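So you can see what is in the structure, the chains are spelled out below.
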2 protein chains.
Amino acid sequence: MNRSKLVQQIRTKQNYLCVGLDTDITKIPKHLLDTADPVFEFNKAIIDATKDYCVSYKINTAFYESQGMKGWESMEKTLYYIPETHFKIADAKRGDIGNTSAQYAKTFFEVLPFDAVTIAPYMGEDSVRPFLEYENKWSIVLGLTSNAGGNDFQQLFVQTKAEGIPEKRLYEKVLEKVASWGTPENLMFVVGATRANDLEHIRSIIPEHFLLVPGVGAQGGSLEEVSKFGMNHDCGLLVNASRAIIFASSGIDFAKQATIISEGYRNEMSGYLR
Amino acid sequence: MNRSKLVQQIRTKQNYLCVGLDTDITKIPKHLLDTADPVFEFNKAIIDATKDYCVSYKINTAFYESQGMKGWESMEKTLYYIPETHFKIADAKRGDIGNTSAQYAKTFFEVLPFDAVTIAPYMGEDSVRPFLEYENKWSIVLGLTSNAGGNDFQQLFVQTKAEGIPEKRLYEKVLEKVASWGTPENLMFVVGATRANDLEHIRSIIPEHFLLVPGVGAQGGSLEEVSKFGMNHDCGLLVNASRAIIFASSGIDFAKQATIISEGYRNEMSGYLR
């Protein structure tokens, strides 16, 4: 899916919600465990319940890999069940030397029909480049993450030797440098929502790029602040909620509750869209 | 496998060679393509041909994922075919927020019987911690990588604001900080061999830890320099070669050539072991 189609979906559906399918088999309602593929049955119900109130789904590959080959099958079936209209993200945090990243890109963009994959930046340009070579596919590179460990390295002040006094943090350098490898048409960044105050600053570095913002809901970020400081002329935001939606209820009403929560996000987002 | 068993294998077999199973289906000998599972058939032959001359195998998960579910199956079969005596590494470069890293740890340490998994450090402590909680399992965290992009961020000078003049590079800070999260019994580091001059310095930061050194062979590192500057009292090295061994020949003699190359590495390593 290209940028203009994504923006059109956001305008039409009046939201920029991404529903995170972090489908932990130990947390899904008990009555689904008797089915042949409980993870897929759960995801199917969640997708049916939320598709009118979101523009994107994010599959957290870790929860599928941990079920072995069966998990991989559930992931594939889920992916094909997501409507054509929705932007499909593999939250996989991949990245390796060029020939290996090329294999990961093949996995998520050719073997599987994802629109985007999340990527860790530590190994630099040749670890991201192979993903950028696919037309209408997206690399979503980690910028600033919302977890506690995000402070360990991302907030360090950095410089190259020639620059003198350091004035940039690592995550700022990452945003700047990675942005130079692609365009706002094939590159997004993960920016943690629990640091909404940083968003205004981040927008001064990368005004055009879409930001994937996790951490609203269970991780505690404020949707209002994210929207106020993160939005650009094309919206430029995909705000993810996973557990807050998919595990809103652990009973037989889980899908109904997922509808209620996602509809709530949609209504709030609709008010923020300019 | 715990550290003393690994060291014992190295002493007994007089080498610290890790054979990288980066099994690219487009590069394996044509005559194998008619079999039911060409990737597994190839790996089986390579393992038979090299097991006497190495102590470890490293499965590059990207090359299996890119074959879809069938690839995952080939990976599992390969893993179970590796002898008990050999240290089994999932080269997967994983790392995410705590609850997600816990799923990855489950995948590689419970669902699959790997001894170790490679991890990207960008997301900090809670992204590594779940892997460290498994007894006799190992986290191999990216320190300094040998690819061109390794310079983009790893070599930047960093400081925290209070520290004044920056004097450490990001990769040094990563080695120091990550080392404080675990012990030399459950933590190793990836250190690129093409920078053998840095190894002496790295040893001053982490004298005890095992280093996984890729980049010897196809990526151009010198085994002699790596061994001279990287070895510690327990050897402390696993030197990986992938393409140089497994694709030594693309003909029907591929296994024989893999034996010759790996035996050559073993003989050279035997001379460096103190």
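Details of the structure are given in the entry above.
Residues numbered from 1 in each chain as written. Chains lettered and ligands numbered in written order. Predicted model: local features only at pLDDT ≥ 70, side-chain atom pairs only at ≥ 80, totals over all residues.

K.L.:
Even after reading the chapter, I still don't get the sheet that holds strand S6 (residues 157–159) of chain A, so can you show me in this structure?
P.N.:
Strand order in the open sheet made by the 4 strands is S7(A)-S6(A)-S6(B)-S7(B), with antiparallel pairing throughout. With one partner strand each, in any of the chains shown, strand S7 (168–169) of chain A together with strand S7 (168–169) of chain B form the two edges of the open sheet. Alignment of S6(A) against strand S6 (residues 157–159) of chain B, held across 3 bridges, turns out to be antiparallel. Among the inter-strand pairings, A:Gln159 is bridged to a residue of S6(B), identified as B:Phe157. (Pairing = 2+ DSSP bridges. Helix = DSSP H or I, 4+ residues; strand = E, 2+ residues; numbered from the N terminus.)

K.L.:
Is there a simple way to think about the interface of chain A and chain B in this case?
P.N.:
Accessible area lost upon the coming together of the parts serves often as the stated size of an interface. If you look at the interface, chain A gives 50 residues, while chain B gives 50 residues. Put simply, the parts of the chain that give the side of chain A that touches chain B at least two residues each are helix H3 (62–65), helix H4 (68–81), strand S3 (87–94), helix H5 (98–111), helix H6 (125–132), helix H7 (150–153), S6 and helix H8 (170–179) of chain A. Take the side of chain A that touches chain B: its biggest share by element is 7 residues, from H5(A). Looking at the side of chain A that touches chain B, its residues break down into 20 nonpolar, 18 polar and 12 charged. (Contact = placed C-beta atoms within 7 Å. Nonpolar A, V, L, I, M, F, W, Y, C, P; charged D, E, K, R; others polar.)

K.L.:
Help me out: how do you make sense of the nonpolar core in this one?
P.N.:
Residues A:Leu17, A:Ile140, A:Val239, B:Leu17, B:Ile140 and B:Val239 are the most contacted members of the largest nonpolar core, which totals 180 residues. When near neighbours in sequence (up to four residues on either side) are disregarded, A:Leu17 contacts A:Tyr53, A:Cys54, A:Val55, A:Val239, A:Ala241, A:Ser262, A:Tyr265, A:Arg266 and A:Met269. (Core = buried A, V, L, I, M, F, W, Y, C linked by C-beta atoms within 7 Å. Buried ≥ 20, exposed ≤ 12 C-beta atoms within 10 Å, placed from the backbone.)

K.L.:
Is there a simple way to think about the relation of the copies chain A and chain B in this case?
P.N.:
Relating one copy of the chain to the other requires a rotation about an axis plus a shift along that axis. Of the transformation superimposing chain A on chain B, the axial component is 0.0 Å and the angular component is 180°, with the fit at an RMSD of 0.0 Å. These values place the two chain copies in the arrangement generated by a two-fold rotation axis. Closest to the rotation axis within chain A is the C-alpha of A:Val158, separated from it by 2.1 Å. A share of 100% of the interface residues of chain A reappears at the interface of chain B, consistent with the copies meeting face to face through the same patch. (Least-squares fit on C-alpha atoms with pLDDT ≥ 70 in both.)

K.L.:
Teacher, can you tell me more about the pairing of S3(A) here?
P.N.:
Each regular strand shows side chains that alternate between the opposite faces of the sheet. All names here are of chain A. Counting buried positions over the 8 residues of S3 gives 8, a clear majority of the element. Strand direction decides the pairing type here: strand S2 (residues 56–60) and S3, joined by 5 bridges, are parallel. Pairing of Lys58 across the sheet is with Ile89, part of S3. Inspection of the sheet shows S3 paired to strand S4 (residues 116–119) by 3 bridges, in the parallel sense. Among the inter-strand pairings, Ile89 is bridged to a residue of S4, identified as Ala116. Of the crossover connections in this fold, the one passing from S3 over H5 to the parallel S4 is right-handed. (Right-handed = clockwise from strand over helix to strand, strands pointing away.)

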